[in-house]
Amino acid sequence: MTLPKQQDKRALIIIPTYNERENLPEVLRRVLAKSDDLDVLVVDDNSLDGTGDLADELARQNPRLKVLHRAGKQGLGTAYIAGFKYALENGYKYIFEMDADLSHDPDEIPRFLEAIKNAHLVIGSRYINGVNVVNWPLSRLLLSYFASLYTRLMTGMPVRDATSGYKCYRCELLENIDLYNIQTSGYGFQLEMKWRAWTAGYIIKEIPIVFVDRTVGKSKMSKAIVREAMVLVWKLGLKSIVKRFKLRRRSGWQPLD
Ligand SMILES: Nc1nc2c(ncn2[C@@H]2O[C@H](COP(=O)(O)OP(=O)(O)OP(=O)(O)O)[C@@H](O)[C@H]2O)c(=O)[nH]1
Ligand SMILES: [Mg+2]
């Protein structure tokens, strides 16, 4: 399915990579086939398996693919922030986060673009209409599900899938969030971006997605990432108590499309 012509807008799909050589060609092929008005930025952290070189080679064949190289593994959060800055500097209107491992189905892109017409942030949620996760071990599923529940209870943020990394932002939101101030990576980064959007009064929508576990390559999930997220939720919970009283939905916001 490709996007209907009248819906085409300039969108950038940011794909951070670390050792994703086996997944990269397929994810890029599928994303770039969705629409001609959509570009991809790969942010590679000097992957040991040559993902960065492969991305360069593919970029030579397709001008809609850009590659940002960083010196070494610096975490998912800062990779996205580098990507956001690139997106803003280059005038993209819609900016996506997407994993390279095909857990995030590129066929969902048109649904995100439809939903973003009436929101500042669209989140692909695994926990609307039941649990839509395929092939994850139960331990991993419980970690993710309870991380979301814990975040909701601690912060009051009305988001069902707080750790989801499949998202689409309107550029105005990223322009107004202080990106330099975000130091989290992994789950923590995903939580923090949503929390900042929510406390700043932006309109957030969740759409159901099916998340499929990677079939090739290795997970970068670690105990350090889980610890970082747990500490962060406490901090955000405390900050939320203060912010909740000040929270004002933005009024007068009109769909821009
Ligand atoms: N540039 C960059 N990308 C990273 C880094 N850590 C993870 N990634 C990428 O971020 C995406 C998400 O990482 P995953 O390892 O799939 O994390 P996850 O989805 O929580 O875990 P699994 O699905 O179990 O693998 C993938 O595309 C990774 O290659 C990093 O430090 N730098
Ligand atoms: Mg993954």
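Located above this text is the structure these notes cover.
Residues numbered from 1 in each chain as written. Chains lettered and ligands numbered in written order. Predicted model: local features only at pLDDT ≥ 70, side-chain atom pairs only at ≥ 80, totals over all residues. Heavy atoms only, no water.

Engineer: I would appreciate a short explanation of the side chain of glutamate 108 in the present structure.
Structural biologist: Relative to the helices and strands, glutamate 108 is located in the loop between β4 (94–97) and α4 (109–115). For glutamate 108, the residues in contact, after removing those within four places along its chain, are Tyr166 and Ile209. (Helix = DSSP H or I, 4+ residues; strand = E, 2+ residues; numbered from the N terminus. Contact = heavy atoms within 4.5 Å.)

Engineer: Can you walk me through the packing of aromatic side chains in this structure?
Structural biologist: Each aromatic ring pair is specified by the distance between its two centres and by the angle formed by the two planes. This model, assessed by the stated rule, comprises 9 aromatic pairs. Arranged with centres 6.0 Å apart and planes meeting at 20°, the rings of tyrosine 80 and phenylalanine 84 form a pair that is stacked. Within this pair, tyrosine 80 and its partner phenylalanine 84 are both found in helix α3 (residues 76–89), separated by 4 residues, close to a single helical turn. The pair tyrosine 80 / phenylalanine 84 is uniform in exposure class, with both members buried. The rings of Tyr80, Phe84, Tyr169 and Phe189 are connected pair by pair, giving a single aromatic cluster. The residue whose ring lies beneath arginine 10 is tyrosine 92, and the NZ or CZ to ring-centre distance is 4.4 Å. The ring centre of tyrosine 18 lies 5.3 Å from the NZ or CZ of lysine 73, which sits over that ring. (Phe/Tyr/Trp six-rings, centres within 6.5 Å; stacked < 30°, edge-to-face > 60°. Buried < 20%, exposed > 50% of the residue type's maximum accessible area, 1.4 Å probe, protein only. Lys NZ or Arg CZ within 6 Å of the ring centre and 35° of its normal.)

Engineer: So what exactly am I meant to see when it comes to the environment of tyrosine 18 here?
Structural biologist: Here tyrosine 18 lies in the loop between β1 (11–17) and α1 (24–32). In this structure tyrosine 18 comes out as buried when scored by relative accessible area, which is 18%. For tyrosine 18 and glycine 75, which are 57 residues apart along the polypeptide, the C-alpha to C-alpha distance reads 9.2 Å.

Engineer: For this particular structure, what's the right way to read a nonpolar patch on the surface?
Structural biologist: On the surface, Val131, Leu138, Leu142, Tyr145 and Phe146 cluster together to form a nonpolar patch covering roughly 460 Å² of accessible area. Summarising the element assignment, tyrosine 145 is placed in helix α5 (residues 138–155). (Patch = residues over 30% accessible without salt bridge, like charges linked within 9 Å, V, L, I, M, F, W, Y side chains within 5 Å. Areas by Shrake-Rupley, 256 points an atom, 1.4 Å probe, with all protein chains shown as cover. Salt bridge = Lys/Arg side-chain N within 4 Å of Asp/Glu carboxyl O.)

Engineer: What is the right way to read the layout of surface pockets from this model?
Structural biologist: The probe, sized like a water molecule, is rolled over the atoms to show the empty space still left. For the largest pocket, the calculated volume is near 680 Å³. Of all elements in the fold, only β1, α3 and α7 (186–199) reach the threshold of two or more residues within the lining of the largest pocket. Counted as a void, the second largest pocket has a volume near 300 Å³. Considering the residues around the second largest pocket, the lining is formed by 15 residues, among which Glu192, Trp195, Arg196, Leu236 and Lys239 are closest to the centre. When residues of the lining of the second largest pocket are traced back to their parent elements, those giving at least two are α7 and α8 (223–246). In terms of residue count, α8 provides more of the lining of the second largest pocket than any other element does, 5 residues in total. Taken together, the residues of the lining of the second largest pocket break down into 5 nonpolar, 4 polar and 6 charged. (1 Å grid on protein atoms, 1.4 Å probe; cavity = no way out; pocket = protein on both sides within 12 Å on 5 of 7 lines; lining within 4 Å. Points joined across faces, edges and corners; volume = space filled by probe spheres on them. Nonpolar A, V, L, I, M, F, W, Y, C, P; charged D, E, K, R; others polar.)

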